[in-house]
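Letter by letter, the chains look like this.
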Amino acid sequence: MSQAPRFSLRRRATAMCAALVTSFSLVSPAHGAIVAKPVEESAADAGIKLTPLGTYESGVHGESAAEIVAFHAASQRILTINAVSGEVDILDASDAAHPRKVSTVSAGGDKEINSVAVRPDGLAVAAVQQQDKTEQGEALFFDVNSGEELGRITVGALPDNVHITADGAYALLANEGEPSNELNAAGDDYLSDPEGSISVIALPQDVAAPTQADARIADFRAFDNTPLPAGVRVFGPEAHDAKPSIDFEPEYITSAEGKAYVSLQEANAIAVVDIESASVEKILPAHIADHSQVALDTSNKDDAAELRTLGVKGLSMPDSIGAFQTNGQTYFATANEGDAREWGIDEKDGGTGVYSEEAKLKDLIEAGKVCEGALGDANLDELASKKVAGNLKVTTASGWNADKECFDTVYSFGSRSFSIYDAAGNVVFDSGSEFEKISAKLHAEGVLNHNADNESAEFDDRSDNKGPEPEALAVGKVDDRTYAFIGAERLGGIFVYDVTDPTNAKFTTYVNNRDFSTDEFSQAGDLGPEGFAFVDKKDSPTGRYMLIVGNEVSGTTTTYDIEDLTSADDPARASSGASSQGSSLSSTGSSVHGSSVGAALSIFALIAAVVGVAFTPGLRDQVLGFLPGHLRSELEKFF
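From a predicted model like this one, the values you see are computed outputs, not experimental measurements.

### Examining the overall build of the protein
Looking only at helices and strands, one finds 10 helices and 38 strands in the protein. For the protein, the residues scored as buried account for 56% of the 639 residues in total. Partitioning the intrachain contacts of the protein with sequence separation of at least 6 by distance along the chain shows that 58% fall at a separation of at least 24. Element-wise, carbon and sulfur atoms account for 47% of the exposed surface of the protein, whose accessible area totals about 25300 Å².

Below is the structure:
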């Protein structure tokens, strides 16, 4: 009888060894989300090459387990927002090809964390949302080096993004102030709707939390009785008292030279804030695309990656925004995602009582609500076909002519592009149709599925609704060239443009670490890029420029190597005298192979530890808790 347990242990230990080796070879913890052949398209004169380097896998899919990211150079740590757990995951990225979680900072209770930023000395701030999003939020301060929480102060409702100014003197929070999801008893207005605002917090010089007295609010009340620029939207349900102080919902913040630029997504506007006085100076209208000139793919039912022009305008409705300077002038770039406003969904009542501005183009046409000539001389019956533009999502909150009782202008959501503005708010560049043209070309070549969603690789799925949906954006300088990195939330991947001359920005490269042959989250690579952080080579653990990407659907935080193709000083371009670190980064494959021996030794050390504690009460769960998701799931089969 005494032999059976030992035989069982040996057999199960052998099985665990096999599982570990299989997990290492097929789904390595560091490279499980790096697909075998990332999609790539580059201009002939591309100045940089972008290559996925390593990834941290949360093991949680489709639950926003990796969103906004930040990087702290001194500790070589990545901060990534894990919204589903209400935490900031702190990753050790000293080995950039193998980032690993070392600690967390928690919002506590049922609170959520939406964003994080960090100063060079290690003072970090996280934007904390209350369980009831209409209540005032918090700015949580912590020390990146120790993970210690330093204190909290109150900010506006639903803080959605946090930004630290380049001089480290201020933390700025975009308090979105979204309305409640419930309507009032009459069903004609929100139950509650807090003001949107920007918190301006003066930071201490040392690594410590500021006090409540250091925080001021920049609101939009001054614009309630002031005419707004054409194209800026203020709207809501039928009985709603629509005004800027209530309806402007700050989304994302950037800053330069004492000014903050804040995207007001649903309003299709950008606010300019004077940081020192904590006041909103002006409201700028955001870009509106003319799709009679700028083509887009309007049908998800035509079985084709076909771009067409039609008499619809596209509200850019920007999400991420990033300021940069060139030739002594300030510019800012926006990722033009688009976002319909819809609240008040009562699932218990079958979805009734909903306020939504979204409609299909065919519904407006069939209801006779499109004014004559509003869509040019096109045949309306033809446009209403779902194989042409009938399913195209458009807004009912803009373009209505009350006298004619029809829409004299029809607007769709998002411009499927990124834009560059000068400091005065003039659009000096827009990428137009280029994202979709590149996607259609690569689809024709069989390497990706044009306008796929981030949860399904189905071809053409998003053509009727914002297409690739550009959302994430970062701007960084690689030697003497400035680049904008734009993430496509639905299609996936990163579009890179050389914006050194902002008025003549040029496509450089597109890279998508995604396998379109599968819908299995654990195998598909990076899904839903949400937040970017650019890392200068002087701060990077690799000695080269890097981009860090948080992917909300795949739950992965991925590092990308940026190779400067124009510089002889780039480590990968050096000859046999290059350092081992530099040469290992010349390709993803060589980086993986180069680390395999050390990783294999680590795996077998882990086997020994697991066999020793697997059947010791209490220790099994502790061991499993340290392992990456894929490896943990394999081992759990044998316990």
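### What to know about the pairing of strand β32 (residues 470-478)
Most of β32 sits out of view: seven of its nine residues are buried. In this structure, β32 lies alongside strand β33 (residues 481-488), joined through eight bridges in antiparallel fashion. Residue pairing across strands places alanine 474 opposite phenylalanine 485, the latter belonging to β33. If you look at the hairpin formed by β32 and β33, you'll find two residues sitting between the two strands, and aspartate 479 has a positive phi there, around 55°.

### Section: the environment of phenylalanine 459
By the secondary structure assignment, phenylalanine 459 is in the loop between α5 (434-444) and β32. For the pair formed by phenylalanine 459 and leucine 491, sequence separation is 32 residues and the distance between their alpha carbons is 9.9 Å. Those residues within four positions of phenylalanine 459 in sequence are excluded, and the remaining contacts are Asp303, Ala304, Ala305, His443, Asn449 and His450.

### Focus on empty space enclosed by the protein
All chains considered together, the criterion is met by two cavities of 30 Å³ or more. In this model, the largest cavity occupies a volume close to 50 Å³. Taken together, Gly492, Gly493, Ile494, Val511, Asn512, Asn513, Asp526, Pro529, Val549, Asn551 and Tyr560 make up the lining of the largest cavity. Among the residues forming the lining of the largest cavity, the class breakdown is five nonpolar, five polar and one charged.

### A look at the packing of aromatic side chains
One pass over the full model with this rule turns up 15 aromatic pairs. When the centroid spacing of 6.5 Å and the interplanar angle of 90° are considered together, the rings of tyrosine 190 and tyrosine 355 count as edge-to-face. Residue tyrosine 190 is located in the loop between β12 (170-175) and β13 (197-202), and its partner tyrosine 355 is located in strand β24 (residues 355-356); the two are separated by 165 residues in the primary sequence. Geometrically, the ring pair formed by phenylalanine 435 and phenylalanine 495 is stacked, given 4.2 Å between the ring centres and 15° between the ring planes.

### Observations concerning the pairing of strand β3 (residues 69-72)
Residues Val69 and Phe71 line one face of β3 and the alternating positions Ala70 and His72 line the opposite face, and both faces are buried. Taking the residues that link successive antiparallel strands as the turn, the β3-strand β4 (residues 77-82) hairpin has four residues, and the phi of glutamine 76 there is positive, at about 55°.

### Overview of the pattern of salt bridges
Per the counting criterion, the structure on display carries 29 salt bridges. Residue glutamate 178 pairs with lysine 133 through a salt bridge whose shortest N-O separation is 3.0 Å. A residue pair is termed long-range when its members are at least 10 positions apart, and glutamate 178 in the loop between β12 and β13 and lysine 133 in the loop between β8 (123-129) and β9 (136-143) qualify at 45 residues. With a relative accessible area of 13%, glutamate 178 lands in the buried category. Ionic pairing is found between arginine 221 and aspartate 219, a salt bridge with its closest N-O pair at 3.6 Å. Each member of the salt-bridge network shares a partner with another, and the members are Asp453, Arg462, Lys466, Glu469 and Arg490.

### Brief notes about the layout of surface pockets
Of the pockets and cavities examined, the largest pocket occupies roughly 1600 Å³. If you trace the largest pocket, you find 50 residues lining it, with His163, Ile164, Ala166, Val475 and Phe534 closest to the centre. At the level of secondary structure, the elements contributing two or more residues to the lining of the largest pocket comprise β3, β7 (112-118), β11 (159-164), β15 (250-256), β21 (321-326), β32 and β36 (529-535). Of the residues assigned to the lining of the largest pocket, the class counts are 28 nonpolar, 13 polar and nine charged. Here the second largest pocket defines a volume of roughly 1100 Å³. Glu178, Glu251, Asp339, Glu530 and Glu552 are the residues nearest the centre of the second largest pocket, which is lined by 35 residues in total. Listed by contribution, the elements that provide at least two residues to the lining of the second largest pocket are β7, β11, β15 and β23 (342-343). For the lining of the second largest pocket, the class distribution of residues is six nonpolar, nine polar and 20 charged.

### Observations regarding the sheet that holds β36
Here four strands make up an open sheet; going across it, the order is β2-β38-β37-β36 and the pairing antiparallel. Sheet topology places β2 (48-57) and β36 at the edges, where each strand pairs with a single neighbour. Each neighbouring strand pair of the sheet contributes to a mean axis angle of 25°, computed without reference to strand direction. As judged from the six bridges shared by β36 and strand β37 (residues 545-551), these two strands associate in the antiparallel manner. Note on β37: the bridge partner recorded for phenylalanine 534 is leucine 547.

### Brief notes about the sheet that holds strand β10 (residues 149-157)
The strands making up a sheet are joined through hydrogen bonds of the backbone, oriented either antiparallel or parallel. A sheet is described by the order of its strands in space; here four strands give the open sequence β7-β8-β9-β10, paired in antiparallel fashion. Every other strand in the sheet has two partners, leaving β7 and β10 as the edge strands with one partner each. Neighbour to neighbour, the strand axes of the sheet diverge by 25° on average, direction disregarded. The sheet contact formed by β7 and β8 spans six bridges and is antiparallel. Across the sheet, residue glutamate 112 finds its bridge partner in β8, namely glutamine 129.

### Observations concerning the nonpolar core
Counting residues in hydrophobic clusters, the biggest one holds 28 residues, and the most contacted among them are Leu79, Val88, Val116, Phe142, Ile270 and Phe332. Every element with two or more residues in this core is listed here: β4, β5 (87-92), β7, β8, β9, β15, β17 (269-274) and β21. Residues in contact with leucine 79, not counting those within four places in the same chain, are Ile68, Val69, Ala70, Val88, Asp89, Ile90, Val116, Val118, Ala124, Phe142 and Val144.

### Examining the state of the cysteines
Summed over the entire model, instances satisfying the criterion amount to one disulfide. Note that cysteine 371 is cross-linked by a disulfide to cysteine 406, the S-S spacing being 1.8 Å. The S-S bond linking cysteine 371 to cysteine 406 shows a torsion near 100°; that makes this disulfide right-handed. Separated by 35 residues along the polypeptide, cysteine 371 in the loop between α3 (361-366) and α4 (380-383) and cysteine 406 in strand β28 (residues 406-407) bring together distant segments of the chain.

### A word on the side chain of threonine 508
Relative to the assigned elements, threonine 508 resides in strand β35 (residues 506-512). Looking at threonine 508, its side chain comes within polar contact range of the main-chain nitrogen of aspartate 498, at 3.3 Å. Beyond its immediate sequence surroundings of up to four residues, threonine 508 is in contact with Ser42, Ala43, Ala46, Gly47, Ile48, Tyr483, Val496, Tyr497 and Asp498.

### Side note on the environment of serine 439
Here serine 439 is to be found in helix α5. Along the primary structure serine 439 and asparagine 449 are separated by 10 residues, whereas in three dimensions their C-alpha atoms are 7.7 Å apart.

Analysis parameters
- Residues numbered from 1 in each chain as written.
- Predicted model: local features only at pLDDT ≥ 70, side-chain atom pairs only at ≥ 80, totals over all residues.
- Heavy atoms only, no water.
- Helix = DSSP H or I, 4+ residues; strand = E, 2+ residues; numbered from the N terminus.
- Buried < 20%, exposed > 50% of the residue type's maximum accessible area, 1.4 Å probe, protein only.
- Contact = heavy atoms within 4.5 Å.
- Areas by Shrake-Rupley, 256 points an atom, 1.4 Å probe, with all protein chains shown as cover.
- Pairing = 2+ DSSP bridges.
- 1 Å grid on protein atoms, 1.4 Å probe; cavity = no way out; pocket = protein on both sides within 12 Å on 5 of 7 lines; lining within 4 Å.
- Points joined across faces, edges and corners; volume = space filled by probe spheres on them.
- Nonpolar A, V, L, I, M, F, W, Y, C, P; charged D, E, K, R; others polar.
- Phe/Tyr/Trp six-rings, centres within 6.5 Å; stacked < 30°, edge-to-face > 60°.
- Salt bridge = Lys/Arg side-chain N within 4 Å of Asp/Glu carboxyl O.
- Axes fitted to C-alpha atoms, helices over the stretch in contact; angles between N-to-C directions.
- Core = buried A, V, L, I, M, F, W, Y, C linked by side-chain atoms within 4.5 Å.
- Disulfide = S-S within 2.5 Å.
- Polar contact = N/O pair within 3.5 Å; in protein donor to acceptor, adjacent residues only side chain to side chain.

These figures capture arrangement, not role.
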